[in-house]
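These are the residues of each chain, in order.
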Amino acid sequence: MRPLRVEYCGEWYTVEAGEPFTIGRDSDLTIDENPYLHRTFLTLSSEYGLWWLSNVGQLLSATVSDATGSVQAWVAPGAKLPLVFQTVHVMFSAGATTYDFTVHAEEDFYNTSLTATPADGGTTVMPVTLTTSQRLLVVALAEHVLAQPTAGRATVPTSAEAAARLGWSMTTFNRKLDNVCEKLDRIGVDGLRGGRGKLATNRRARLVEYAVATRLVSADDLPMLDRAVDDAEVPHA
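What you see is a predicted model; the values in this text were computed from it and never measured. (Residues numbered from 1 in each chain as written. Predicted model: local features only at pLDDT ≥ 70, side-chain atom pairs only at ≥ 80, totals over all residues. Heavy atoms only, no water.)

### Some words on the overall build of the protein chain
Definition in use: In this text, helices come from DSSP runs of H or I with a minimum length of four residues, and strands from runs of E with a minimum of two, each type numbered from the N-terminal end. Here, residues are in contact when the closest pair of their heavy atoms is within 4.5 Å. Residue-level accessible areas treat just the shown protein chains as cover; the underlying method is Shrake-Rupley with a 1.4 Å probe.
The helix and strand inventory of the protein chain stands at five helices and 14 strands. Counted over contacts in the protein chain with a minimum sequence separation of 6, partners at least 24 positions apart contribute 55%. Accessible surface for the protein chain amounts to roughly 11500 Å². Of this, 49% is attributable to carbon and sulfur atoms.

### Notes on the pattern of salt bridges
The cut-off we apply is this: Here a salt bridge means any side-chain nitrogen of Lys or Arg lying within 4 Å of a carboxyl oxygen belonging to Asp or Glu. Burial classification: accessible surface area is computed with a 1.4 Å probe over protein chains only, and a residue below 20% of its type maximum counts as buried, one above 50% as exposed, and the rest as partly exposed.
In this structure the tally under the stated criterion is eight salt bridges. Taking the shortest distance from any N to any O, the salt bridge between Lys80 and Glu47 comes out at 2.9 Å. Here the residue Lys80 occupies a position in strand β9 (residues 80-82), and Glu47 occupies one in strand β5 (residues 42-47), the gap between them amounting to 33 residues. Residue classification places Lys80 among the partly exposed positions, given a relative accessible area of 41%.

### Considering helix α1 (residues 132-146)
To keep it simple, the criterion reads: By definition here, a helix of n residues has an expected span of 1.5 Å times n minus one. At any given residue, the bend is defined as the angle formed between two axes, one fitted to the seven residues that end at that position and one fitted to the seven that begin there.
The terminal C-alpha atoms of α1, which comprises 15 residues, lie only 18 Å apart, well short of the 21 Å expected from a rise of 1.5 Å per residue. The largest bend in α1 is about 45 degrees, located at Ala140. When you tally the buried positions in α1, you get 13 out of 15 residues, the bulk of the element.

### Let's talk about the environment of Ser133
The residue Ser133 is located in helix α1 in this model. Sequence separation between Ser133 and Phe173 is 40 residues, and the spatial gap between their C-alpha atoms is 9.9 Å.

### Side note on the side chain of Ser93
Convention followed: Pairs of N or O atoms within 3.5 Å make up the polar contacts considered here, provided that, within protein, one atom can donate a hydrogen while the other can accept it, and that residues adjacent in sequence are counted only when both atoms are side-chain atoms.
Examined against the element boundaries, Ser93 turns out to sit in strand β10 (residues 87-94). What makes Ser93 buried here is its relative accessible area of 12%. At 2.9 Å, the side chain of Ser93 and the side chain of Thr98 are in polar contact. In this structure the side chain of Ser93 is engaged in a polar contact, spanning 2.8 Å, whose partner is the side chain of Glu209. Non-local contacts of Ser93, meaning those with residues more than four positions away in its chain, are made with Leu60, Thr98, Ala205 and Glu209.

### Concerning the pairing of strand β6 (residues 50-55)
Our working rule: At least two bridges found by DSSP between two strands are what make those strands a pair.
Within β6, five of the six residues are buried, which leaves it mostly tucked inside the rest of the structure. Direction of pairing for β5 relative to β6: antiparallel, over a ladder of six bridges. Note that in β6 the partner of Leu42 across the bridge is Asn55. What sits between the antiparallel neighbours β5 and β6 is a turn of two residues, in which Tyr48 has the positive phi angle 55 degrees. As judged from the three bridges shared by β6 and β9, these two strands associate in the antiparallel manner. Along β9, the bridge assignment pairs Ser54 with Lys80.

### With respect to the environment of Leu4
Relative to the helices and strands, Leu4 resides in strand β1 (residues 4-8). What makes Leu4 buried here is its relative accessible area of 2%. A C-alpha to C-alpha distance of 5.8 Å links Leu4 and Thr14, two positions 10 residues apart in sequence. Non-local contacts of Leu4, meaning those with residues more than four positions away in its chain, are made with Tyr13, Thr14, Val15, Leu44, Trp51, Leu83, Val103, His104 and Ala105.

### Things to note about the confidence of the model for the protein chain
This is how the line gets drawn: The quantity known as pLDDT measures the predictor's confidence residue by residue, on a range of 0 to 100.
For the protein chain, per-residue confidence averages 84 on the pLDDT scale, and 84% of positions sit at 70 or higher. Between residues 232-237, whose pLDDT stays under 50, and residues either more than four places distant or in other chains, the model counts 10 contacts.

Okay, structure coming up:
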């Protein structure tokens, strides 16, 4: 098995076949001292001629995507996923902090095509389309992640902080957040609909993970935030 290369916060780690390479709060790749993060959360290991990403934690899940964002998976506790692409992005949240790192292989087993972007002002990652105001909401929540120069760590703002960034009332923000989560839930995106007692932070973090991983929003959308106050759609939303 050819080794893997893992990039996190500008540092590179080499993963050789043999013993599993651990990722977590106290692991081969120490992500952070965040108490919400498992000591060992994920592992990279070789088996059956493939590299595998395994979730060995008990509470957290990870979002995994290929380089184009057109293939995305949610790796829940106890699950494992074969890494069949040359570049794989991994995102997860612990508390209010979102982390991401990239796994590079020397060869891939499958190729993927880019997602579609229509010219009508909306954003489409088939089969979902966001309105301009819905995309603004997602960009506001993902702003810190998108503004990172390299993979690493970023905080997800509270609903109040994101609403203030957009100049929206909390009622408007929460309604649009509900609409976006319901829309994505209908196409099978896990982790966005919870019952009573589920923390809103988890839903916002999961939305950011999915949107960034699938290229539903990107750094190119960040200027939208500075234009939001002047956007005629926002006051009437």
